[in-house]
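Read off the chains here:
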Amino acid sequence: MPMERRSARLVAKPTNETSTHSAESLWGYSRLGLIRTVAQTRPAERFTSLVHLFNVPNLRRAFQELDGTKAPGIDRVTKDQYRVDLESNLVALEKKLRNGSYRPRPSRQVLIPKPQGGTRPLAVGCLEDKIVQTLMARILEAVFEPIFSARSYGFRRGKTAHQAIGRLYESITQSQDTAVVVEMDIEKFFDSMSQSWLMQKVESRIVDPKLLRLLRILLQADVLKEGLPQPTELGTPQGSPVSPILANIYLHFLLDEWFEKNFSNSGRMIRYADDAAFVFKSSQTAEKFREGLIARMTEADLNLNLDKSGIVLFSRHNPQGTVAFLGFEFYWGRALNQAKVLKLKTQPKRLARSMSAFTDWIKTHRNRMKLDKLWQLAAAKLRGHFNFYGVRSNRNKLAHFYHHCVGALFKWLNRRSQKRSFTWERFERRLRFHPLPRARYEKDLRDVSSEHNSVKHKPKSRMREIRTSGSVRSSEWQHSVFT
């Protein structure tokens, strides 16, 4: 794509060519690779022409990214229905975007119960609006991702919650004798962001008036509340594909840059979206930082969630509490040689909510589907829990969750009718031949101390090792069938 310089700004000139070089593509989107490269190599310059990226090939790629199983918006159009006449739909959408006549339809608000009480509002948009929001998110990601902090892990490609947990583990371990941790959680962050403040930060990198106008339209799109359309004057609707990248842009300029400028020499920051932890070596520095943090949040009309924010004196020899982060609880425990080591376990409240959610699910669905389907879904829920919480030193909590779920299955499957479905012996026999996922041995669990340095790759097949010891699905229950 031809590039030219104008007054220390960057212009991305559109061309009529439909095919692009592989180096110019990124995530399957044409020309985004070049935008990302320029954003990395010329951080002081601003993009003046980006709206041409809303073309049919990129809109088609955004359509492919969407999850067809999600609930439809107020127009009730599903992905399969939109696909029937996809090309003409995308051509018409591109025309509306180019001539400025595009307007998003109101989103349908859905209130999701929060585990700790209250509700979380989610905005369910129409499919065509999700296509535009997804492409806008990818453009903003290409422009802003190169400047984001390495200590930010939420909603970013190649970064995971386990890497954030591993970084916090490493930071506390390195300051183990003097560690002081400041916990941070912003109250109703997505609903409280200042749109004008956010747009100012977006304009620090993008000055394309047409793209900025489109972004404002997406931010201020109506949301149906109690059947009446209401404009969004504050925040960005949760559930919108563009919300995660906007949140990262907001917090990068609000928090990451501020911390790097004022406290990077005296502490470490680990942030996952609006949840963050800061590790210092003295309580005086931590107190000074917390005062500055409250003032910084006030400048942006944000408030800290006081129930999840505070200072924890967390030295190895005299810890004054535990540290909670992303569903885990950090604490100082004992190793086999009786030395004090940093350990993790599932937060008690989070574990209780997970067990309660599983019980409510099997209680509600026990009569709605056949036993094999119920068993399959129960296995998926156990597997998902173990995949996230399966870290070393947490095996007891994993076993607790497993035994609770097995007990709930036995109890509520026997209440599908007036006649009992299982005796314990029959239920145990089913577990032998249709085993549910169980927590691995300690040595096989995830080691978070090195997680932040890990590189994701396709694991090697272990079939040969498994075949020498017996059945892959029930090695703990059955005798070896191979000799």
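Note that the structure is a prediction, hence the values are computed from the model and not measured.

A.B. asks: Sorry, what's going on with the overall build of the chain here?
C.D. replies: Each helix and strand in the chain was counted, giving 16 helices and 13 strands. Buried positions account for 46% of the 483 residues belonging to the chain.

A.B. asks: Help me out: how do you make sense of the nonpolar core in this one?
C.D. replies: Across soluble globular proteins, you tend to see nonpolar side chains buried next to one another. Counting residues in hydrophobic clusters, the biggest one holds 77 residues, and the most contacted among them are Phe54, Ile131, Leu140 and Phe278. Not counting the four nearest positions on each side in its chain, Phe54 is found in contact with Leu59, Glu94, Leu97, Arg98, Val132, Leu135, Met136, Ile139, Leu211 and Leu214. Core analysis: the second largest hydrophobic core is formed by 52 residues, Ala379, Val391, Leu409 and Val448 among them.

A.B. asks: Looking at this structure, how should I read the environment of Ala324?
C.D. replies: Structurally, Ala324 is set in strand 11 (residues 323-325). For the pair formed by Ala324 and Thr346, sequence separation is 22 residues and the distance between their alpha carbons is 9.3 Å. Discounting residues that sit within four places of it in the chain, Ala324 has contacts with Glu183 and Gln347.

A.B. asks: In this structure, what is going on with the sheet that holds strand 3 (residues 107-113)? I would like to understand it.
C.D. replies: Each strand in a sheet pairs with another by means of backbone hydrogen bonds, the pair being arranged parallel or else antiparallel. Overall, mixed pairing links the four strands, which are arranged 4-3-6-7 in an open sheet. Single-partner strands in this sheet number two, and they are strand 4 (119-124) and strand 7 (228-230). Across this sheet, the average inter-strand angle for adjacent strands is 45 degrees, counted without regard to direction. Strand direction decides the pairing type here: strand 3 and strand 6 (residues 223-225), joined by two bridges, are parallel. Residue pairing for strand 6: Arg108 is matched across the bridge by Leu224.

A.B. asks: Honestly, the sheet that holds strand 10 (residues 310-313) in this entry has me stumped. Any pointers?
C.D. replies: Strand order in this open sheet of four strands is 8-9-5-10, and the pairing throughout is antiparallel. Among the strands making up the open sheet, the edge pair consists of strand 8 (267-272) and strand 10. Adjacent strand axes in the sheet meet at a mean angle of 20 degrees when their direction is disregarded. Packing against the sheet, helix 10 (residues 243-262) makes contact with strand 5 (180-185), strand 8 and strand 9 (275-280), and its axis sits at approximately 170 degrees to strand 8. Running over the sheet, helix 11 (residues 283-299) touches strand 5, strand 9 and strand 10 and is turned about 15 degrees from strand 5.

A.B. asks: How should the pairing of strand 9 be read in this particular structure?
C.D. replies: Consecutive residues of a regular strand have side chains that alternate between opposite faces of the sheet. Counting buried positions along strand 9 yields five of six residues, so the element is predominantly enclosed. For strand 5 and strand 9, the ladder comprises six bridges, and the chain directions are antiparallel. Pairing of Met184 across the sheet is with Ala276, part of strand 9. Where strand 8 and strand 9 come together, six bridges link them in antiparallel fashion. Note that in strand 9 the partner of Ile270 across the bridge is Ala277. The turn joining strand 8 and strand 9, which pair antiparallel and follow one another in sequence, is formed by two residues; a positive phi near 55 degrees is taken by Ala273.

A.B. asks: Sorry if this is basic, but what is going on with the pattern of salt bridges here?
C.D. replies: Two side chains with opposite charge may pair up if their charged atoms get near one another. The final tally for this structure, using the stated rule, is 20 salt bridges. The partner of Arg167 in a salt bridge is Glu170, and the shortest N-O contact between them spans 2.7 Å. Linking Arg167 with Glu170, this pair stays in helix 6 (residues 161-174), spanning three residues, or about one helical turn. Accessibility expressed as a relative area gives 14% for Arg167, which makes it buried. A salt bridge links Arg296 to Glu299; its shortest N-O distance comes to 3.2 Å. Residue Arg296 and its partner Glu299 are both found in helix 11; the two are separated by three residues, about one turn of the helix. Residue Arg296 is classed as buried on the basis of its relative accessible area of 17%. By relative accessible area, which is 57% here, Glu299 ends up exposed. When salt bridges with common partners are traced through the structure, they connect Glu65, Arg138, Glu141 and Arg157 into a single cluster.

A.B. asks: Looking at this structure, how should I read the side chain of Arg138?
C.D. replies: Examined against the element boundaries, Arg138 turns out to sit in helix 5 (residues 127-144). Taking the relative accessible area as the measure of exposure, Arg138 reaches 15% and is therefore buried. Side chain to side chain, Arg138 and Glu141 meet in a polar contact 3.3 Å long. Residues contacting Arg138, with those up to four places away along its chain left out, are Trp27, Tyr29, Leu32, Glu65 and Arg157.

Definitions and cut-offs
Residues numbered from 1 in each chain as written. Predicted model: local features only at pLDDT ≥ 70, side-chain atom pairs only at ≥ 80, totals over all residues. Heavy atoms only, no water. Helix = DSSP H or I, 4+ residues; strand = E, 2+ residues; numbered from the N terminus. Buried < 20%, exposed > 50% of the residue type's maximum accessible area, 1.4 Å probe, protein only. Core = buried A, V, L, I, M, F, W, Y, C linked by side-chain atoms within 4.5 Å. Contact = heavy atoms within 4.5 Å. Pairing = 2+ DSSP bridges. Axes fitted to C-alpha atoms, helices over the stretch in contact; angles between N-to-C directions. Salt bridge = Lys/Arg side-chain N within 4 Å of Asp/Glu carboxyl O. Polar contact = N/O pair within 3.5 Å; in protein donor to acceptor, adjacent residues only side chain to side chain.

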